[in-house]
Amino acid sequence: MVSLLITFLMTLSFSTIIFILLFLKSKLYYCTCDVCHSYLTSNWSTQYNNLCDWYTHLLQNSPSQTIHIHVLENTITANPNNVQHILKTNFHNYPKGKQFSMVLGDLLGNGIFNVDGDAWLFQRKMASLELGNVSKNAFDDVKFHVENRLLPLMFSVARGKDGGVVDLQCVFRRFSFEYICRFLFGLDVNSLELPFPVSRLSDLFDLATTLSARRAMSTSPVIWKTCRRLNLGSERKLKEAIRNVNILVEKVIENKKKLGFTKNQDLLSRFMEVTDDGSFLRDVIVNFILAGRDTVASALTSFFWLIMNHPEVECRIQTEFDQLTINQKQEFATFEQMKELHYLQAAIHESMRLYPPIQFDSKFAVENDALPDGTLVKKGTKITFHPYAMGRMEAIWGKDCKEFKPERWLKDGVFMVENPFKYPVFQAGFRVCLGKEMTLMEMKTVVLGILPRFKLRLVKSDGELRFEPALTATVKDGLPVIVGERSVGSH
Ligand code: HEM
């Protein structure tokens, strides 16, 4: 009787294992082509520092500037005509799609980044009211944060006992977190005061976005979904991080309700005027922190890295500012003067051409389609456009595409806007970024705050930037720099 039972149990276990294997096989796409093999074995990393550099190499060598990673069921393109088709001409065929909202759904909920259709349109309209025009008030807020948070921190580093070394990426993350909180809910989280009082929300956010990015890297959703169901490994940590983010965000909302709100105060107040749905307000906050924190910090980090490697560009930025303010003794550019800084505007665009904060972006095809370059897209598959690779395509930017040359954006000294489908750093078409103007103003204010006052040098001045897997380009091990104070008029 016992042996019969053992035989039965063994047969049952064996059948279950076979069933699981067959199920996984049907869900996991298997391919042995060189590219897929290199992806699955991470063989690409023997030649390239970053996955995006390998993709760039593949895209540069593709006649149509489009490639397929079969195991990911992903078509990746660096062809501007395709980008225009996806983001504008046939926009309705390329929503974010279920796959995307599954990966980021636990963190982003029904916020603007994670929804399509009416839910998206409503939030876009509401947010446009706040972000459509960058006001003088917004500029004053940024300037306040630069003058009262960022610069004092930099001075204390330069004069401090730690040899004047600081991780610039970390500084910019804290700065942009602080500013986006001010913009979102009118709150001064003051996260830049030394010695870095670790802002809990900011840290939990880091953890939640990093763990969510891991899901996106996985070859099949079955793997992370199984771990989520069983509450295992990084999925358990993600759940905990999101739970804690929610607790803190709820406190912010409660606090706002207690203080009272009026429409024109900040973005959260604007949304609270039309709804008191706590879960929706939570989603608004989380999505806008994601939109405005890491992107700006990433853009500033690579901008300063490039400037430290190109002192001639730094010099021209400074000269432009000096010439503009020659008759006034000014410490800062005014709101109006910001618009006159064409070279600085060009340098910022040029740095994001080479180092876009969002290196690639994916959509899902609702129906079968053909892209302008003839590539067929199968219903339900992923299509990715790749701003990082696009910034390095000779076909788009010419032979000097790898060089950092702000001049390419200027005609007779005046900044010229590029075709957004060639430069989809802020995306383009119907879902173009709403924060572009705010970002440019924020970046200019930071640059003009730091450059005249500090001489920055890289601690490690070797080669290229290395990135870690994340939703937004994040420099691996940060960007340690030596901060020296300039004497007045020494640049
Ligand atoms: C360097 C800075 C930034 C870059 C490179 C950037 C880039 C992008 C990109 C690529 C998208 C499209 C994402 C997608 O749909 O998949 C996007 C969307 C968006 N961005 Fe930005 N962004 C930046 C800063 C900001 C800031 C500071 C804000 C506002 C606080 C902001 C607000 C938004 C919003 C609301 C959307 C959603 C638009 C929509 O879906 O209709 N962004 N951004």
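This structure is a prediction, so every number in the text was calculated from the model and none was measured. (Residues numbered from 1 in each chain as written. Predicted model: local features only at pLDDT ≥ 70, side-chain atom pairs only at ≥ 80, totals over all residues.)

Caption draft 1: Expanded view of the overall build of the protein chain. A count of helical and extended segments in the protein chain gives 20 helices and 13 strands. Evaluated residue by residue, the protein chain yields a buried proportion of 38% over its 491 residues. (Helix = DSSP H or I, 4+ residues; strand = E, 2+ residues; numbered from the N terminus. Buried ≥ 20, exposed ≤ 12 C-beta atoms within 10 Å, placed from the backbone.)

Caption draft 2: View of the site of the ligand. Around the ligand sit 24 residues in total, of which Ala291, Gly292, Thr295, Cys433 and Gly435 are the nearest. At the level of secondary structure, the elements contributing two or more residues to the shell around the ligand comprise helix H6 (117–131), helix H13 (278–292), helix H14 (294–309) and helix H20 (436–450). Looking at side-chain class alone, the shell around the ligand contains 16 nonpolar, five polar and three charged residues. (Near = placed C-beta within 6 Å. Nonpolar A, V, L, I, M, F, W, Y, C, P; charged D, E, K, R; others polar.)

Caption draft 3: Layout of the packing of helix H15 (residues 311–324) against helix H17 (residues 342–354). Running from N to C, H15 and H17 point in directions that differ by 145°, and their axes come no closer than 8 Å. Each of Val313, Arg316, Ile317 and Glu320 in H15 lies in contact with H17, whose residues at this interface are Tyr343, Leu344 and Ala347. Here the contact of H15 with H17 is composed, by residue class, of five nonpolar, no polar and two charged. (Axes fitted to C-alpha atoms, helices over the stretch in contact; angles between N-to-C directions. Contact = placed C-beta atoms within 7 Å.)

Caption draft 4: Main features of helix H5 (residues 97–108). For H5, spanning twelve residues, the distance from its first C-alpha to its last is only 14 Å, which falls clearly below the expected 16 Å at 1.5 Å a residue. All buried positions along H5 are accounted for by Phe100, Val103, Leu104, Leu107 and Leu108. Angularly, the buried residues of H5 cover 115° about the axis, an arc narrow enough to put them on a single face. Structurally, H5 contributes buried residues whose contacts are with helix H9 (200–217), helix H11 (233–259), H13 and strand E4 (361–364). Looking one or two residues beyond H5, the residue adopting positive phi is Gly109, at roughly 55°. (Expected span 1.5 Å × (residues − 1). Arc of directions from axis to C-beta.)

Caption draft 5: Structural context of the sheet that holds strand E3 (residues 165–167). Read across the open sheet, the three strands follow the order E3-E13-E10; overall the sheet is antiparallel. At either end of the open sheet lies a strand with only one pairing partner, and these are E3 and strand E10 (454–458). The average undirected angle you get between the axes of adjacent strands in this sheet is 40°. When E3 meets strand E13 (residues 480–485), the two strands line up antiparallel, connected through three bridges. What sits directly across from Val166, in E13, is Val481. Against the sheet, helix H8 (residues 168–185) engages E3 and E13, with an angle of about 55° to E3. (Pairing = 2+ DSSP bridges.)

Caption draft 6: Expanded view of helix H12 (residues 267–274). When H12 is considered as a whole, its buried residues turn out to be Leu267, Leu268, Phe271 and Met272. An end-on view of H12 places all buried positions within 135° of arc, on one side of the element. Elements in contact with the buried residues of H12: H6, H8, H11 and H13.

Caption draft 7: Examining the sheet that holds strand E1 (residues 66–69) more closely. Strand order in the open sheet formed by four strands is E1-E2-E7-E4, with mixed pairing between adjacent strands. Only two strands of the sheet have a single partner each, and these edge strands are E1 and E4. Going across the sheet, the axis of each strand differs from the next one's by a mean of 25°, ignoring polarity. Here helix H4 (residues 80–89) sits on the sheet in contact with E1, strand E2 (74–77), E4 and strand E7 (382–385), set at roughly 120° to E7. Across the sheet, H5 lies against E4 and E7, angled at about 130° from E4, the strand it touches most.

Caption draft 8: View of unusual backbone geometry. Even without a glycine there, the phi angle at Ser42 is positive, about 60°. By the secondary structure assignment, Ser42 is in the loop between helix H2 (34–41) and helix H3 (51–60). Judged by the 10 C-beta atoms lying within 10 Å of it, Ser42 is exposed. With a phi close to 60°, Gln427 is a non-glycine residue in the positive phi region.

Caption draft 9: Structural view of the environment of Gln359. Within the secondary structure layout, Gln359 lies in the loop between H17 and E4. Along the backbone, Gln359 and Leu471 are 112 residues apart, and their C-alpha atoms lie at a distance of 8.7 Å. The contact partners of Gln359, leaving out residues within four places of it in the chain, are Cys52, Pro387, Tyr388 and Ala473.

Caption draft 10: A look at the packing of helix H7 (residues 136–159) against H20. Close contact between H7 and H20 brings their axes to 10 Å; oriented N to C, the two are set at 35°. Handedness of the crossing formed by H7 with H20: right-handed. Residues Ala138, Phe139, Val142, Lys143, Val146, Leu150, Leu151 and Met154 of H7 form the contact with H20, whose own contacting residues are Met438, Met441, Glu442, Thr445, Val446, Gly449 and Ile450. Per-class residue counts for the contact of H7 with H20 are eleven nonpolar, two polar and two charged. (Left-handed = near helix turned anticlockwise from the far one by under 90°.)

Caption draft 11: Region of the structure containing the pairing of E7. Alternating residues of E7 divide into Ile383 and Phe385, all buried, and Lys382 and Thr384, none buried. Both E2 and E7 contribute to a ladder of four bridges, which runs parallel. Bridge assignment links Asn74 to a residue of E7, and that residue is Lys382. The sheet contact formed by E4 and E7 spans four bridges and is antiparallel. From the neighbouring strand, Ser362 faces E7, where its bridge partner is Thr384.

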